[in-house]
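Structural description and commentary
Spelled out, the chains give:
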Amino acid sequence: MSDNPYLSGNFAPVEDELTASDLKVTGEIPRELSGRLLRIGPNPIAADPRTHHWFIGNGMVHGVRLRDGKALWYRNRYVRDDAVVAAKGWPPVEGPKREDQIGDGVANTNVIGHAGKTFAIVEAGNLPVELSYELETKCRSDFGGTLPAGFSAHPHRDPDTGELHTAVYSPAWEHIQYVVVGPDGRVRKSVDVPVPGRPMVHDCMFTKSYFILLDLPVILDPGVAEAGFSLPYKWHPEYGARVGLLPRDGGADDVTWHEVEPCYVFHPMNGYEDADGRVTLDVVRHPKMFATDMQGPNEGRATLDRWRIDPTGGPVKEERLDDEGQEFPRLDDRRAGKSYRFGYSTSLGGEFSLGGIKKHDLRSGTWQVHNEGEQRAFMEPVFVPRSDDAAEDEGWVMAYVYDRSTNGSDVVILDAQDFTAPPVATIQLPQRVPFGFHGNWVADDE
Ligand SMILES: [Fe+2]
């Protein structure tokens, strides 16, 4: 047991890399699901409890492979960085390397499939780490020499073009870099947008016409590092908070900035343009971040809010959609950047305590909760459509769950349109999956 909450309970790392076959299933896995449900988070290999911040632990990826109604395997593997290979005595990771890499080249925040490859990714300047289908680390990647610097943890795929749109930042930069990766896995555009400081830029969004930048008051603060904490960012409300609209075909001079009340947003749920040209951005909004707690995100209730932005100017209209605590907002990714009706999120209490998951009907302003009791902590919900031409919300919501009563984990598959019903399938895993950040369904035909 550690004094650092992010090294205790189900935040604590797991020791072993396991491979398990033919997992035990309750219910029936839909036969339409052929692919891998991947998930990633920190699994620190040698953390100092006094200074450890949840966000910087070495990465570990977990995956469950589904096909023909069966759970063929579970695997968990370190995403190898310089510290992991040194501690384990493994060979160095191959591939390009950035001089300014942080945290020994850690990649712990998201895992995606793109251009037929699997990548573990992180913000603040490190390169993506390419993984094999079976989740072994292959190499660091700069997308075939096309990536101008590092990458981010939150690229968003435009369903119409197959491009990834993302915001890259570095502690060394006073700009945010808009990067577009083509469906071929090569960068086809980048734009450096100057900002007045060095903000932490966790995520971003896009609409049909705009790339949306978040310039919010969590700022690089050398005093935090001098005080011995490992994540050198702090709440500075005097910096101000604003949203930038960059025309997707434009340059840095074309950005318009729109002030919002100081807050922090890790994750938008979605963004889109209305018929009148206004931009709607739905976000999970934290009232502040890294103001008093320098070990993890724990500064009051995170709510679901809607910001309406007029690109021609005027105040941003800020509206609360749901006052209950939540995080990890997702949607049917086929609606990314477009008007949408349904979103999904994880219920979140104080001290980053996870519970059930929510399905929001944004048209009616109502929601449903899938909760399996106090012992069951759901991680990020991932929506998978039943088929390419299925209606929005017609498909499944999948999540990794930690069960406090067994100190074990499973994967739950819900029918999205029967959200409060018992799962259609629950897949038992051979070990617990620590609380982490993000994951995705990577279909085999992607
Ligand atoms: Fe995130």
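Now for a description of the structure that goes with this document. (Residues numbered from 1 in each chain as written. Predicted model: local features only at pLDDT ≥ 70, side-chain atom pairs only at ≥ 80, totals over all residues. Heavy atoms only, no water.)

1. A short note on the overall build of the protein
For the protein, the helix and strand inventory stands at two helices and 33 strands. Computed over its C-alpha atoms, the radius of gyration of the protein comes to 20 Å, within 12% of the 22 Å expected for a compact globule of 446 residues. The C-alpha extent of the protein, read off along each of the three principal axes, is 55 × 50 × 40 Å. Looking at the protein as a whole, 60% of its 446 residues qualify as buried. A sequence separation of at least 24 residues applies to 60% of the contacts in the protein between residues at least 6 apart. (Helix = DSSP H or I, 4+ residues; strand = E, 2+ residues; numbered from the N terminus. Rg over C-alpha atoms; globule rule 2.2 N^0.38 Å. Buried < 20%, exposed > 50% of the residue type's maximum accessible area, 1.4 Å probe, protein only. Contact = heavy atoms within 4.5 Å.)

2. Let's talk about the sheet that holds strand β10 (residues 156-157)
In spatial order, the strands read β10-β11-β12-β13; together these four strands make up an open sheet with antiparallel pairing. Looking at the sheet topology across the chains shown, the edges are occupied by β10 and β13 (187-194). (Pairing = 2+ DSSP bridges.)

3. Thoughts on a negative patch on the surface
A cluster of acidic side chains, namely D388, D389, D445 and E446, defines a negative patch on the protein surface. Within the secondary structure, D445 is located in the segment after β33 (438-443). (Patch = residues over 30% accessible without salt bridge, like charges linked within 9 Å, V, L, I, M, F, W, Y side chains within 5 Å. Areas by Shrake-Rupley, 256 points an atom, 1.4 Å probe, with all protein chains shown as cover. Salt bridge = Lys/Arg side-chain N within 4 Å of Asp/Glu carboxyl O. Lys, Arg positive; Asp, Glu negative; His and termini not counted. Charge placed at Lys NZ, Arg CZ, Asp CG, Glu CD.)

4. Some thoughts on the coordination of the iron ion
For a metal with four tetrahedral donors the ideal donor-metal-donor angle is 109.5 degrees, while six octahedral donors give ideal angles of 90 or 180 degrees. The coordination sphere of the iron ion contains the protein donors H154 (NE2), H202 (NE2), H267 (NE2) and H438 (NE2), at a distance range of 2.0 to 2.1 Å. Counting the intervening residues between successive donors of the iron ion yields the motif H-x47-H-x64-H-x170-H. In this pair, H202 is assigned in the loop between β13 and β14 (205-206) and H267 in strand β20 (residues 264-273), connecting sequence segments 65 residues apart. Owing to a relative accessible area of 8%, H202 belongs among the buried residues under this scheme. (Donors = N, O, S within 2.8 Å, 3.2 Å for Na, K, Ca; no water.)

5. As for the nonpolar core
Of all hydrophobic cores here, the largest spans 81 residues; its most connected members are V64, L66, W307 and I427. With five residues, the top contributor of residues to this core is strand β15 (residues 210-215). Setting aside residues no more than four positions away along its own chain, L66 makes contact with I29, L33, S34, G35, A71, M398, I413, I427 and W441. Membership of the second largest hydrophobic core comes to 14 residues, among which are F119, I121, F143 and V168. (Core = buried A, V, L, I, M, F, W, Y, C linked by side-chain atoms within 4.5 Å.)

6. Describing the pattern of salt bridges
Scanning the model with the defined rule gives 32 salt bridges in all. Salt-bridge contacts for R67 lead to D68; the nearest nitrogen and oxygen are separated by 3.5 Å. What makes R67 partly exposed here is its relative accessible area of 37%. Judged by relative accessible area, which is 39%, D68 ranks as partly exposed. Of the charged contacts, one joins D305 and R320 as a salt bridge, the two residues approaching to 2.8 Å between their closest N and O atoms. Here D305 is found in strand β22 (residues 303-309), whereas its partner R320 is found in strand β23 (residues 317-322), with 15 residues between them in sequence. Given the relative accessible area of 40%, R320 is considered partly exposed. Salt bridges sharing common partners tie together D158, E163, R188 and R248.

7. Let's talk about the environment of N76
Following the sequence through the fold, N76 ends up in strand β5 (residues 70-78). With a relative accessible area of 0%, N76 lands in the buried category. Through-space distance from the C-alpha of N76 to that of L38 is 9.6 Å; in sequence the pair is 38 residues apart. With residues up to four places along the chain from it excluded, the contact list for N76 reads V14, D16, E17, L18, M60, V61, H62 and Q431. At a separation of 2.9 Å, a polar atom in the side chain of N76 contacts the side chain of Q431. (Polar contact = N/O pair within 3.5 Å; in protein donor to acceptor, adjacent residues only side chain to side chain.)

8. Notes on the pairing of strand β4 (residues 59-67)
On any regular strand, side chains alternate: one points to one face of the sheet, the next to the other face. Judged by how many residues are buried, β4 sits mostly within the fold: eight of nine residues are covered. In this sheet, β4 lies alongside strand β3 (residues 35-42) in antiparallel orientation, the contact comprising eight bridges. Paired with R39 across the strands is H62, a residue of β4. Bridge analysis of β4 against β5 gives eight bridges, and the strand direction is antiparallel.

9. Comments concerning the environment of A107
Topologically, A107 is positioned in the loop between α1 (82-88) and β6 (110-114). What A107 contacts, discounting residues up to four positions off in sequence, is I40, G59, V79, A120, I121, V122 and V129.

10. With respect to the pairing of strand β12 (residues 175-181)
Most of β12 sits inside the fold, with seven of its seven residues counted as buried. Neither face of β12 is open: one carries H175, Q177, V179 and V181, the other I176, Y178 and V180, and all of them are buried. In the sheet, strand β11 (residues 164-168) pairs with β12 via five bridges, with the strands oriented antiparallel. Opposite A167, over in β12, you have Y178 as the bridge partner. Joining the antiparallel neighbours β11 and β12 is a turn of six residues. Bridge analysis of β12 against β13 gives seven bridges, and the strand direction is antiparallel. Residue pairing across strands places Q177 opposite D192, the latter belonging to β13. The turn joining β12 and β13, which pair antiparallel and follow one another in sequence, is formed by five residues; a positive phi near 85 degrees is taken by G185.

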